[in-house]
Amino acid sequence: MKDNKALTVDVGLDQLGGKSRLPARLDLAQSLSGLLLMLFMLGHMFFVSSILFGKDAMYMVTRTFEGYYLFGKSYPWLVSLAVACILILFVLHAGLAMRKFPASYQQYKVFLAHKSVMKHSDTSLWLMQVYTGFLMLFLGSAHLFEMFFHPEKIGPYASADRLWSDGHWPFSLILAIAVVLHGSIGLYRLALKWGWLQGADPEAGRRRLKVAMWLIIGFFLMLEMATLAAYMRIGIEHQDNAGERYHSVSEVEASPPASTVEMGLPS
Ligand code: HEM
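Treat the numbers as computed from the prediction; the structure is a model and nothing was measured. (Residues numbered from 1 in each chain as written. Predicted model: local features only at pLDDT ≥ 70, side-chain atom pairs only at ≥ 80, totals over all residues.)

Q: Give me the overall build of the protein: which residues, what numbers.
A: Looking only at helices and strands, the protein has eleven helices and zero strands in total. Reading the helices (α) and strands (β) of the protein from amino to carboxyl end gives α-α-α-α-α-α-α-α-α-α-α. Looking at the protein residue by residue over its 267 residues, the buried ones come to 20%. (Helix = DSSP H or I, 4+ residues; strand = E, 2+ residues; numbered from the N terminus. Buried ≥ 20, exposed ≤ 12 C-beta atoms within 10 Å, placed from the backbone.)

Q: Describe the packing of helix 7 (residues 121-149) against helix 9 (residues 169-194), with residues and values.
A: The description of two helices packed together rests on the angle between their axes and the distance between the axes. In contact at an axis separation of 8 Å, helix 7 and helix 9 are set at 135° when each is read in the N-to-C sense. The pairing of helix 7 with helix 9 is recorded here as oblique in orientation. Between helix 7 and helix 9 lies a crossing whose hand is left-handed. Residues Leu125, Met128, Gln129, Thr132, Gly133, Leu135, Met136, Leu139, Gly140 and His143 of helix 7 pack against Phe171, Ile174, Leu175, Ala178, Val179, Leu181, His182, Ile185 and Gly186 of helix 9. By residue class, the composition of the contact of helix 7 with helix 9 is twelve nonpolar, seven polar and no charged. (Axes fitted to C-alpha atoms, helices over the stretch in contact; angles between N-to-C directions. Parallel < 35°, antiparallel > 145°, perpendicular 65-115°, else oblique. Left-handed = near helix turned anticlockwise from the far one by under 90°. Contact = placed C-beta atoms within 7 Å. Nonpolar A, V, L, I, M, F, W, Y, C, P; charged D, E, K, R; others polar.)

Q: Any chance you could break down the nonpolar core for me, citing the residues and the numbers?
A: Within the largest apolar cluster, twelve residues are counted, these being Ile51, Met58, Tyr59, Val61, Tyr157, Ala160, Leu163, Trp164, Ala230, Tyr231, Ile234 and Tyr246. If we skip the residues at most four places from it in the chain, Met58 touches Ser50, Ile51 and Pro156. If you look at the next biggest cluster of nonpolar residues, it comprises eight residues, including Ala178, Val179, Val180 and Phe220. (Core = buried A, V, L, I, M, F, W, Y, C linked by C-beta atoms within 7 Å.)

Q: Help me get a handle on the environment of Lys153, residues and values and all.
A: For Lys153, the position within the fold is in the loop between helix 7 and helix 8 (156-163). C-alpha of Lys153 to C-alpha of Arg245: the two residues are 92 residues apart in sequence and 8.7 Å apart in space. For Lys153, the contacting residues outside a window of four places in its chain are Ala158 and Arg162.

Q: Describe helix 10 (residues 202-237), listing the residues and the values that go with them.
A: Residues spaced three or four apart along an α-helix face the same direction, because each turn holds 3.6 residues. Between its first and last C-alpha atoms helix 10 spans 52 Å; for 36 residues at 1.5 Å apiece the expected length is 52 Å, and the two agree. Looking at helix 10, one finds that the buried residues are Phe220, Glu224, Thr227, Ala230, Tyr231, Ile234 and Gly235. In the core, the buried residues of helix 10 are packed alongside helix 2 (22-48), helix 8 and helix 9. (Expected span 1.5 Å × (residues − 1).)

Q: Run through helix 3 (residues 55-65), naming residues and quoting values.
A: Buried residues of helix 3: Lys55, Met58, Tyr59, Val61 and Thr62, and no others. The buried side chains of helix 3 occupy one side of the element, clustering within an arc of 160° when seen end-on. On its buried face, helix 3 sits against helix 2 and helix 8. Gly67, located one to two residues past helix 3, shows a positive phi value of around 80°. (Arc of directions from axis to C-beta.)

Q: Hey, could you go over the environment of Arg206 for me, with residue numbers and the actual values?
A: With respect to the helices and strands, the residue Arg206 is situated in helix 10. What makes Arg206 partly exposed here is the crowd of 16 C-beta atoms within 10 Å.

Q: Can you explain the environment of Ser159? Please cite residues and give values.
A: Structurally, Ser159 is set in helix 8. Residue Ser159 is classed as buried on the basis of its C-beta count, with 21 C-beta atoms lying within 10 Å. C-alpha separation for the pair Ser159 and Gly243, spaced 84 residues apart in sequence, amounts to 10.0 Å. Sequence-distant contacts of Ser159, defined by excluding residues within four places in its chain, comprise Ile154 and Tyr231.

Q: How would you explain the packing of helix 2 against helix 5 (residues 77-98) if you had to name every residue and give the values?
A: Helix 5 packs onto helix 2 with a crossing angle of 140° between their chain directions and a minimal axis gap of 9 Å. As far as their axial angle goes, helix 5 and helix 2 are oblique. Relative to helix 5, the crossing made by helix 2 is left-handed. Of the residues in helix 5, those touching helix 2 at Leu26, Ala29, Gln30, Ser33, Gly34, Leu36, Leu37 and Phe40 are Ile86, Leu89, Phe90, Leu92, His93, Leu96 and Ala97. Across the contact of helix 2 with helix 5, the residue classes tally to eleven nonpolar, four polar and no charged.

Q: So what's going on with the confidence of the model for the protein? Which residues, and what values?
A: Here the protein averages 89 in pLDDT, and 89% of its residues register 70 or above. The secondary structure element of the protein with the lowest average pLDDT is helix 1 (residues 4-10), at 68, and the one with the highest is helix 8, at 98. In this model, residues 259-267 is a region of pLDDT below 50 whose contacts with residues beyond four sequence positions or in other chains number 15 contacts. (pLDDT = per-residue confidence, 0-100.)

Structure, rendered in structure tokens:
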């Protein structure tokens with residue numbers, strides 16, 4: 001029978017040197033980047049859903065991000081700059097998360113076997129993070145590249161045309177569901193991991209956090225679906241003039257166009 005030291009040598013653990021703080025630091029970096037992305041997505045959901053208050057509201061949000069109200073002129077590259085920062089954070093977070101993905105089909109099967117034996121809902125939630133994270137890696141990157149290279153193509157008509165006339169809506173629908181699930185489950189797991197809002201009784205704390213997580217999922221799914229539906233409705237109404245840009249009523253009044261229909265005004 002081999003002793004512990006011999007077993008350590010057998011599996012190569014004696015080569016690893018002293019204890020390292022790196023795994024803990026990488027874990028912290030993963031939590032922090034996830035938290036920052038979640039805060040960004042919170043802002044993103046409210047900005048994008050400004051369309052629910054009308055085309056002028058979304059147009060104003062778009063112009064704000066282009067610096068119009070600060071510089072008196074629109075600079076879409078400011079949006080590209082913001083997208084680049086988010087993209088770096090997104091890639092960093094995905095890279096850190098991938099350390100924990102099952103590395104082979106065999107590891108994946110072992111995980112599934114553990115999951116069915118343990119029957120613990122938090123283990124199933126972790127798997128959901130893997131699936132939604134995987135989806136977001138592709139769909140989220142495609143969306144970010146689109147925004148980076150065409151920052152000028154954001155607005156009530158440009159966004160609605162992209163979703164409806166250019167046929168992006170099925171991807172946005174899947175991405176929206178993945179983002180809401182991933183972000184809300186991520187927040188729940190962060191709270192558990194770092195001991196936020198758990199109170200004196202950890203089991204009761206965990207139950208409360210889970211109820212909060214489902215409420216957050218329900219609220220943001222409804223907001224996302226209402227937002228997507230609003231863009232699609234505008235996209236359908238505008239499909240015969242797809243490609244034409246929106247201008248607010250006040251802009252059109254300041255410099256009347258040859259045709260009000262061309263400028264996106266109601267006839
Ligand atoms: C600075 C970076 C970003 C900008 C400027 C941006 C901008 C936009 C805009 C303008 C729309 C409206 C539809 C369109 O024009 O295509 C939209 C929709 C959407 N975006 Fe982003 N986005 C950014 C980052 C992200 C990220 C990181 C995600 C998630 C991975 C994301 C997920 C979505 C989803 C799911 C929609 C569908 C519409 C909805 O909210 O229901 N976006 N985004």
